[in-house]
Amino acid sequence: MQVLTPGTTSWSDTALVFLVAAALVFLPGLAGGLLLRLRPLAALAVAPLLSTSCLSVSTVVASALGLRWGVLPLVVGSLVTAAVAALLGAIAPRVSASLAARRPGPSRWLERPVGPRFDAVWWTTVASALVVLLLVLVTVRTELRTPEALPQGPDTIFHVAAPQWGLESGTLSSFEIGRFNFPTWSGFYPAAFYAFTGTIALITGASVVVSTSVFVLVLVGLVWPLGCIVLALTLLGRRVVVVLSAAFLSVAFTTYPYMLMGFGVLWPNLLGQAILPAALAALVGVFRALGRPPYAVADRLRSGLVLVAGLPGVVMAHPNALVSLCVFGGLLVLGRVLGFMTRQPTWPRRLAVLGAIVLTLGAGAMATVVLRPASMLGTGAAGPERPTDLAWLDLLTFAPRLTRPLPLLAAVVGLGVVALLVRHRGARWVVPALIAMLSLYWFNIAVDTDVTRWFTWPWYNNAVRLHSVAILPAVVAATAGLLALVDLVARLASRRWSPTVATTVAAVVVLGAMSLDVGAQLDAHRHILHRYFHPKPPDSWVSGPELLALRQLSTHLPEDAVVAANPWNGATYLYVVSGRHLLVPTEKTNTPGDRRLLAASLDRVGTDPKVCAAASRQGVTHAITGGQPFSWAGSRVEEYSGIDGVGSSPAWRRVATSAPFTLYERVGCAAGS
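A few points on the structure.

A few points about the overall build of the protein chain
Secondary structure assignment for the protein chain yields 26 helices and five strands. Over its C-alpha atoms the protein chain spans a radius of gyration of 27 Å, differing by no more than 12% from the 26 Å that the globule rule assigns to 673 residues. Taking all 673 residues of the protein chain together, 56% fall into the buried category. Sequence separation of 24 or more characterises 75% of the internal contacts of the protein chain that already satisfy a separation of 6 or more. Summed over its atoms, the accessible surface of the protein chain is roughly 26,600 Å², and 66% of this surface lies on carbon and sulfur atoms. Considering the protein chain, the positive charge centre built from 49 side chains and the negative charge centre built from 29 side chains are found 17 Å apart.

Digging into the pairing of strand β3 (residues 622-626)
Buried residues dominate β3, accounting for four of its five residues. Summarising the sheet, β3 and strand β5 (residues 661-666) pair through five bridges and their orientation is antiparallel. Looking at the pairing, His 622 lines up with Glu 665 of β5.

Description of the sheet that holds strand β4 (residues 652-658)
In spatial order, the strands read β2-β1-β3-β5-β4; together these five strands make up an open sheet with mixed pairing. Of all the strands in the sheet, the pair left with one neighbour each is β2 (581-582) and β4. Docked against the sheet, helix α22 (residues 544-554) engages β3, β4 and β5, running at close to 25° with respect to β5.

Section: a nonpolar patch on the surface
A cluster of nonpolar residues, Val 71, Val 75, Leu 79, Leu 202 and Ile 203, forms a patch on the protein surface that exposes about 400 Å² of accessible area. Elements with a contribution of two residues or more to the nonpolar patch: α3 (71-101) and α6 (192-204). Looking at the nonpolar patch element by element, the count peaks at three residues for α3. Along the chain, the position of Val 75 falls in helix α3. Classification of Val 75 by relative accessible area gives partly exposed; the value is 39%.

As for the nonpolar core
One finds Tyr 573 and Ile 624 to be the most contacted residues of the largest nonpolar core, which totals 217 residues. Apart from residues no more than four positions distant in its own chain, Ile 624 is found in contact with Leu 550, Leu 553, Val 563, Ala 564, Ala 565, Asn 566, Ala 571, Leu 574, Ile 643, Phe 661, Thr 662 and Leu 663.

Brief notes about helix α24 (residues 594-601)
Restricting attention to buried positions, one finds in α24 the residues Asp 594, Arg 595, Leu 598, Ala 599 and Ser 601. Residues of α24 that are buried sit in contact with α25 (609-618) and α26 (641-644).

Structural notes on the pairing of strand β1 (residues 562-565)
Residues Val 562 and Ala 564 of β1 are buried on one face, and the alternating residues Val 563 and Ala 565, pointing to the opposite face, are buried as well. Where β1 lies against β2, two bridges are found, and the strand directions are parallel. Residue pairing across strands places Val 563 opposite Leu 582, the latter belonging to β2.

As for the environment of Gly 329
With respect to the secondary-structure elements, Gly 329 resides in helix α12 (residues 319-342). A residue is classified by how much of its surface remains accessible, and Gly 329, at 5% relative accessible area, is buried. For the pair Gly 329 and Phe 287, spaced 42 residues apart in sequence, the C-alpha to C-alpha distance is 9.6 Å. Once residues lying within four places of it in the same chain are set aside, the contact partners of Gly 329 are Leu 280 and Leu 283.

Considerations on helix α21 (residues 518-533)
Under the 1.5 Å per step criterion, the end-to-end length of α21 is 22 Å for 16 residues, consistent within 8% with the ideal 22 Å. Buried within α21 we find Val 518, Gln 521, Leu 522, Ala 524, His 525, Ile 528, Leu 529, Tyr 532 and Phe 533. Along the axis of α21, the buried positions cluster into a sector of 160°, meaning they face one direction only. Turning to α21, the residues buried within the fold contact α4 (120-143), α8 (240-250), α9 (254-258), α16 (407-423) and α20 (499-515).

Some details on the packing of aromatic side chains
Scanning all chains against the criterion turns up 22 aromatic pairs. Here the aromatic rings of Phe 118 and Trp 123 are separated by 6.5 Å at their centres, their planes lie at 40°, and the arrangement is tilted. Since its relative accessible area comes to 54%, Trp 123 is described here as exposed. Ring geometry for Phe 193 against Trp 267: centres 5.9 Å apart, planes inclined by 10°, an arrangement best described as stacked. In this pair, Phe 193 is assigned in helix α6 and Trp 267 in helix α10 (residues 267-286), connecting sequence segments 74 residues apart. Taken together, the ring pairs connect Phe 158, Phe 180, Tyr 189, Phe 193, Tyr 194, Phe 196, Phe 215, Trp 267 and Tyr 575 into an aromatic cluster. Across from the ring centre of Trp 497, 5.9 Å away, lies the NZ or CZ of Arg 496, which sits over that ring.

Side note on the pattern of salt bridges
All told, the structure shown has 14 salt bridges when counted by the stated rule. Arg 423 serves as the salt-bridge partner of Asp 487, at 2.5 Å between the closest nitrogen and oxygen. Note that Asp 487 is positioned in helix α19 (residues 463-493) and Arg 423 in helix α16, a separation of 64 residues in sequence. On the accessibility criterion, Arg 423 (38% relative accessible area) is partly exposed. Connected through shared salt-bridge partners, Asp 155, Glu 587 and Lys 588 make up one network.

Quick notes on the state of the cysteines
Here is the idea: a disulfide is a covalent bond, and it sits between the sulfur atoms of two cysteines. All chains considered together, the criterion is met by one disulfide. We note that Cys 228 lacks a disulfide partner, and the nearest cysteine sulfur, in Cys 326, lies 19 Å from it.

So, the side chain of Gln 164
Inspection of the secondary structure puts Gln 164 in helix α5 (residues 156-169). There is a polar contact of 2.6 Å between the side chain of Gln 164 and the backbone oxygen of Tyr 575.

Calculation notes
- Residues numbered from 1 in each chain as written.
- Predicted model: local features only at pLDDT ≥ 70, side-chain atom pairs only at ≥ 80, totals over all residues.
- Heavy atoms only, no water.
- Helix = DSSP H or I, 4+ residues; strand = E, 2+ residues; numbered from the N terminus.
- Rg over C-alpha atoms; globule rule 2.2 N^0.38 Å.
- Buried < 20%, exposed > 50% of the residue type's maximum accessible area, 1.4 Å probe, protein only.
- Contact = heavy atoms within 4.5 Å.
- Areas by Shrake-Rupley, 256 points an atom, 1.4 Å probe, with all protein chains shown as cover.
- Lys, Arg positive; Asp, Glu negative; His and termini not counted.
- Charge placed at Lys NZ, Arg CZ, Asp CG, Glu CD.
- Pairing = 2+ DSSP bridges.
- Axes fitted to C-alpha atoms, helices over the stretch in contact; angles between N-to-C directions.
- Patch = residues over 30% accessible without salt bridge, like charges linked within 9 Å, V, L, I, M, F, W, Y side chains within 5 Å.
- Salt bridge = Lys/Arg side-chain N within 4 Å of Asp/Glu carboxyl O.
- Core = buried A, V, L, I, M, F, W, Y, C linked by side-chain atoms within 4.5 Å.
- Expected span 1.5 Å × (residues − 1).
- Arc of directions from axis to C-beta.
- Phe/Tyr/Trp six-rings, centres within 6.5 Å; stacked < 30°, edge-to-face > 60°.
- Lys NZ or Arg CZ within 6 Å of the ring centre and 35° of its normal.
- Disulfide = S-S within 2.5 Å.
- Polar contact = N/O pair within 3.5 Å; in protein donor to acceptor, adjacent residues only side chain to side chain.

This is a description of form; function is not addressed.
As structure tokens, this is what we get:
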């Protein structure tokens, strides 16, 4: 099992892990895309989306067939994906031609050539992706000084321990991964992120922690920028300046991707958001405006196939990604339907289409209110978190949760909104998408009543989640803004130079001016990363020295030991550094029954027969005390007073101490009545 040995891995040791992670993310989907006969740029951009579906579905199927997850199921799943893609790639052109033959004239079903396969746009995309990756590495490595670094959030322990448990148990299925927390669990939990990190660890032998750090860099530095590029090309036209602008802007905002690298931590959400642009690009391909602009994915039929094939990956990445896809896609389709309505020759037909739109929107709103889960509706503390004036400032400068303001980026986004409305008819849906998400964010932080929660619950009424979703339309809008500036400068320069030279000069001038803001952006990004990776001691769950201490104590534990520890003190990271199992794996798993009884009363195991019986049923052999409670644990620390007090009980023998933790062994148990 791939456990973490603290202090043994540096960034220079992760080259192989990075290559394996990149191959796992791109190769299955790239093969599928090329066999589906997508153009190389489109195949590269949607590859992570298709790979996510391939990997996550393969883990589910392997588990259902009773197969232990490993390289063989991975290879078989990839080969099946490739075979299906090849079959569809052979059939799709014939079906499209048949559909096109039914209507004379230009057809939306046929793909029209948009230049050489490996043109300037292709090479610029590849070069831009590599430059952006380098920029991300420079930004991140300053704060994540080692790939063993962990964001100090409450959910981090689950996100690194669950895939480790999955490798131990032989399953990374979304229908099995929850058994890490509860052995009798059944249901669904989006586990695509763990399928990647666990498989990377399995192939390379690196710890799940290191595999996770590297995988996050692949998502942030490659997957997300490529997705933004292909979506921008699809909406704004196939131009080199679009590629350069989208690549630069994809990593210019703070909330996504950098804040989501530490907040929560919401790594599965990070994956879902990273593959969202590719899914949207495929959706745009299905509902594209005829001949405007040249699409970047494929014809309508194959775009639809990519979308359908990618949906399982979106679902098993994170539900927020699916909801966001539905919202953005719904606005896109609404725009197309409104266009269809205006083209109707008579008012009765227009009113009929309008009535269908109103009924559909009403049904959607009603479903949002009626079907909302009580747990998601009630998530988070109710009430505003910012005064109204500060909430507006946060919104207008793209600076949520006390992050550094980005006024220049905000100005470019504002310019882009105007450009989208005036110059890009097929992309106008981006404007209401941006306004909708920023509005929901504002209502969440400035109002947050029961009524506003009718609409914010799909994002758990959480400001960071809402603002992160707004970054994608913001990137597209800002790209449109830079494109408008480039075209304006080029028009002025064309009085002196040829159009090609004028456009080149304009791109250099505009993007060069934007690059002057890179220092402020890097400062904002590092500021937020520092908050999560180097917090003050009360806001830290487990530090590097504490991980070393837990590793040292684990040498005194047998392999089958079950250890009781107060999760608010960070000792549950024992599993990550040793593989030894915990009675209560995370702070969210102190459930009624034996766990809750033992947490409150384990120090009475030698005198209380009920406690003794519970400890025997759960196989508790050891306990760890010590450590500093997390800052907002509050009274919840007292729920584990029985574990924290074992040192005063004669039924427990002290085995070893490695500051700040002490390990005890159970040596007594009360006789049953």
